[in-house]
Amino acid sequence: MFDPAQLRTFLTVAQTLSFTQAAHRMGLRQSTVSQHVRKLEEAAGRRLFARDTHGVELTEDGEAMLGFARTILEANERAAGFFTGTRLRGRLRFGASEDFVLTRLPEVLEGFRREHPEVDLELTVELSGILHELLAAGRLDLVLAKRRPEGPEGRLVWRDRLVWVGSDRLRLDPHRPVPLVVFPPPAVTRARALECLEEHGRAWRIACTSGSLNGLIAATRAGLGVMAHTLGMIPPGLVRMAPRAGLPELGGVDFVLLHGRRATAARGPAEALADAILAGGDRLQLP
């Protein structure tokens, strides 16, 4: 039998790709995280992570363990909820950034609604910057969004890289400004793209602005320009731009959960949804 505590640790490491970040998120020592993973690997008889000086990656067996771990933990949570008889109630205002429009976040929300039918879940989909503002204004109880560069706040769900994406037919002219497809301010990816281009002395122009991810994808597929996007969530029909395009590196990006600061009746439901998202964080990338 697989230990639920070890499975939770495994999922956290798989989502953050960092033993240090996993320990921080779970409130454990890094040695404890390593011990949990080692014991789980011994129980499975397989190596679940490949570790070197450059970072942590899931092995093929680790990818397989993801599905089993989620299934076991979800069944464990259902059994615990049934026998403890806890019933969450109330209104929960949840905000998710536009990045998750095409991911499997609906599966996570569907599971939450099934487990907590008496919670009235209200979903707001917006740019990460706007969600941060709504949360600060007390208009949301829980937010899943990109971490703002000026603050370390939030519980890390997973870490990824920002890359340039475009149509596979697009060819950039190195002597002309880079055509950009961007969200409007205060989008995190827009700010990062412009900052990196400015730092590297690369001229740019805005070819398309849209507050809708689907709008940006359509413009990028049409070859209007390139877009800064999360590596693990590249939409179908778009490709990562090759190094020969001469575009600067955009660096990493963190997706975090943030709670409202005021204690409200939504605190319990918000914690339950946060736990569900943290447990299923690997589903938030494109399949």
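Keep in mind that what you see is a predicted model, and the values were worked out from it rather than measured.

Conventions we followed
- Residues numbered from 1 in each chain as written.
- Predicted model: local features only at pLDDT ≥ 70, side-chain atom pairs only at ≥ 80, totals over all residues.
- Heavy atoms only, no water.
- Helix = DSSP H or I, 4+ residues; strand = E, 2+ residues; numbered from the N terminus.
- Polar contact = N/O pair within 3.5 Å; in protein donor to acceptor, adjacent residues only side chain to side chain.
- Contact = heavy atoms within 4.5 Å.
- pLDDT = per-residue confidence, 0-100.
- 1 Å grid on protein atoms, 1.4 Å probe; cavity = no way out; pocket = protein on both sides within 12 Å on 5 of 7 lines; lining within 4 Å.
- Points joined across faces, edges and corners; volume = space filled by probe spheres on them.
- Axes fitted to C-alpha atoms, helices over the stretch in contact; angles between N-to-C directions.
- Parallel < 35°, antiparallel > 145°, perpendicular 65-115°, else oblique.
- Left-handed = near helix turned anticlockwise from the far one by under 90°.
- Nonpolar A, V, L, I, M, F, W, Y, C, P; charged D, E, K, R; others polar.
- Pairing = 2+ DSSP bridges.
- Phe/Tyr/Trp six-rings, centres within 6.5 Å; stacked < 30°, edge-to-face > 60°.
- Buried < 20%, exposed > 50% of the residue type's maximum accessible area, 1.4 Å probe, protein only.

Colleague: Would you mind going over the side chain of Thr-9 with me for this structure?
Modeller: With respect to the helices, strands and loops of the structure, Thr-9 is situated in helix H1 (residues 4-16). Within the structure, Thr-9 has its side chain in polar contact with the backbone oxygen of Ala-5 (distance 3.0 Å). In this structure, Thr-9 is in contact with Met-26, Leu-28, Val-33, His-36 and Val-37, ignoring residues within four places of it in sequence.

Colleague: Would you mind showing me how to read the confidence of the model for the chain here?
Modeller: A low pLDDT means the predicted coordinates there should not be read in detail. The predicted model of the chain averages 87 in pLDDT, with 93% of residues at 70 or higher. Between the elements of the chain, mean pLDDT differs from a low of 82, seen in helix H4 (residues 60-84), to a high of 97, seen in strand E7 (residues 178-182).

Colleague: Which parts of the structure should I look at to understand empty space enclosed by the protein?
Modeller: Where empty space is left in the structure can be found by rolling a water-sized probe over the atoms. Counting across every chain of the model gives two cavities of 30 Å³ or more. Its volume calculated, the largest cavity comes out at about 90 Å³. Taken together, 16 residues make up the lining of the largest cavity; nearest its centre are Val-181, Phe-183, Thr-189, Met-227 and Ala-228. Elements represented by at least two residues in the lining of the largest cavity include exactly E7, helix H7 (188-199) and strand E9 (227-230).

Colleague: What is the right way to read the packing of helix H5 (residues 105-115) against helix H9 (residues 267-279) from this model?
Modeller: Two measures define how a pair of helices packs: the angle their axes make with one another and the distance between the axes. Relative to each other, H5 and H9 sit at 135°, their axes nearing to 10 Å. In this view, H5 runs oblique relative to H9, as classed from their interaxial angle. Note on packing geometry: the crossing formed by H5 with H9 is right-handed. Residue-level contacts link Val-108, Leu-109 and Phe-112 of H5 to Pro-269, Ala-272, Leu-273, Ala-276 and Ile-277 of H9. Classifying every residue of the contact of H5 with H9 gives eight nonpolar, no polar and no charged.

Colleague: Honestly, the pairing of strand E2 (residues 55-58) in this entry has me stumped. Any pointers?
Modeller: Each regular strand shows side chains that alternate between the opposite faces of the sheet. Relative to E2, strand E1 (residues 49-52) is paired through four bridges, and the arrangement is antiparallel. From the neighbouring strand, Phe-49 faces E2, where its bridge partner is Leu-58. Counting the residues between successive antiparallel strands, the hairpin from E1 to E2 contains two residues.

Colleague: How do you make sense of the packing of aromatic side chains when you look at a structure like this?
Modeller: For any two aromatic rings, the description comes down to two numbers: the centre-to-centre distance and the angle of the planes. All chains considered together, the criterion is met by five aromatic pairs. When the centroid spacing of 6.0 Å and the interplanar angle of 70° are considered together, the rings of Phe-19 and Phe-49 count as edge-to-face. One end of the pair, Phe-19, is in helix H2 (residues 19-26); the other, Phe-49, is in strand E1, with 30 residues separating them in the sequence. The pair Phe-19 / Phe-49 is uniform in exposure class, with both members buried. With centroids separated by 4.6 Å and ring planes inclined at 15°, the aromatic side chains of Trp-158 and Phe-255 adopt a geometry described as stacked. Within this pair, whereas Trp-158 is found in strand E6 (residues 155-166), its partner Phe-255 is found in strand E11 (residues 252-259), the two being separated by 97 residues in sequence. Since its relative accessible area comes to 1%, Trp-158 is described here as buried.

Colleague: Explain the packing of H1 against helix H3 (residues 30-44) here, please?
Modeller: Across the interface, H1 lies against H3 with an axial gap of 9 Å and an inter-helix angle of 110°. The orientation of H1 relative to H3 falls into the category roughly perpendicular. Facing Ala-5, Gln-6, Leu-7, Thr-9, Phe-10 and Val-13 of H1, the residues of H3 in contact are Val-33, His-36, Val-37, Lys-39 and Leu-40. In terms of residue class, the contact of H1 with H3 is built from seven nonpolar, three polar and one charged.

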